[in-house]
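Remarks on the overall topology
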Amino acid sequence: QVQLVESGGGLVQAGRSLRLSCAASGRAFTRYTMGWVRQAPGKEREFVAAISWNNINTYYADSVKGRFTISRDDAKRTVALQMNSLKPDDTAVYYCGAHLDTSKLQIGEGTWGQGTQVTVSS
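Reading guide: rules and limits
- Residues numbered from 1 in each chain as written.
- Predicted model: local features only at pLDDT ≥ 70, side-chain atom pairs only at ≥ 80, totals over all residues.
- Heavy atoms only, no water.
- Buried < 20%, exposed > 50% of the residue type's maximum accessible area, 1.4 Å probe, protein only.
- Helix = DSSP H or I, 4+ residues; strand = E, 2+ residues; numbered from the N terminus.
- Pairing = 2+ DSSP bridges.
- Phe/Tyr/Trp six-rings, centres within 6.5 Å; stacked < 30°, edge-to-face > 60°.
- Lys NZ or Arg CZ within 6 Å of the ring centre and 35° of its normal.
- Disulfide = S-S within 2.5 Å.
- Salt bridge = Lys/Arg side-chain N within 4 Å of Asp/Glu carboxyl O.

What to know about the pairing of strand 7 (residues 68-73)
Residue alternation in strand 7 divides its side chains into a buried set, Phe68, Ile70 and Arg72, and an unburied set, Thr69, Ser71 and Asp73. Note: strand 7 against strand 8 (residues 78-83), six bridges, orientation antiparallel. Along strand 8, the bridge assignment pairs Phe68 with Met83. Hairpin connection of strand 7 to strand 8: four residues between the antiparallel strands, including Arg77 at a positive phi of 60°.

Following this line, the structure appears as structure tokens:
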């Protein structure tokens, strides 16, 4: 079992950057795929990015590819989402998740944190 807590959200102007962090606790972490989803008000949850346990593969939604970068530090038990060139459409609550199966995480299964708010103004 793993527990996740997100941080780093805030209010920024379009074109600027934010870095979200996710702190994990629990016995298992190294072999988990870690990822992020987001949910904007009145909209369904959207997959954002994921990274495999050994950093061999990363996965990004087309809407964020080239702007967002996911990374992990297993020694610190953290995963981060560097968000550059932010757009108003990126406004959402961002959730960090973990699953042993990458494909399952991408469809929303797994363990998820409480979320952190990101608001991008135009």
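We are not done yet, so read on.
Structural notes on the packing of aromatic side chains
What the rule picks out here adds up to zero aromatic pairs. Across from the ring centre of Trp112, 5.8 Å away, lies the NZ or CZ of Arg45, which sits over that ring.

Focus on the state of the cysteines
Scanning the model with the defined rule gives one disulfide in all. Shown here is the disulfide that connects Cys22 with Cys96, its sulfur atoms set 2.2 Å apart. The sign of the -80° torsion about the S-S bond sets the Cys22-Cys96 disulfide as left-handed. Remark: Cys96 occurs in strand 9 (residues 92-99) and Cys22 occurs in strand 3 (residues 18-25); sequence separation between them is 74 residues. Here Cys22 falls in the buried class, since its relative accessible area comes to 1%.

Brief notes about the pattern of salt bridges
Under the definition given, this model contains five salt bridges. Across the pair Asp90 and Arg38 runs a salt bridge whose closest N-O atoms are separated by 2.9 Å. Placement of Asp90 in the loop between strand 8 and strand 9 and of Arg38 in strand 4 (residues 33-39) is noted, with a sequence separation of 52 residues between them. The pair formed by Asp90 and Arg38 is uniform in burial state, with each residue classed as buried. Across the pair Asp90 and Arg67 runs a salt bridge whose closest N-O atoms are separated by 2.8 Å. Taken together, the positions of Asp90 in the loop between strand 8 and strand 9 and Arg67 in the loop between strand 6 (58-60) and strand 7 put the pair 23 residues apart, joining distant regions of the chain. Given the relative accessible area of 11%, Arg67 is considered buried. One salt-bridge network, held together by shared partners, links Arg38, Glu46, Arg67 and Asp90.

By themselves, these observations are geometric and do not establish any function.
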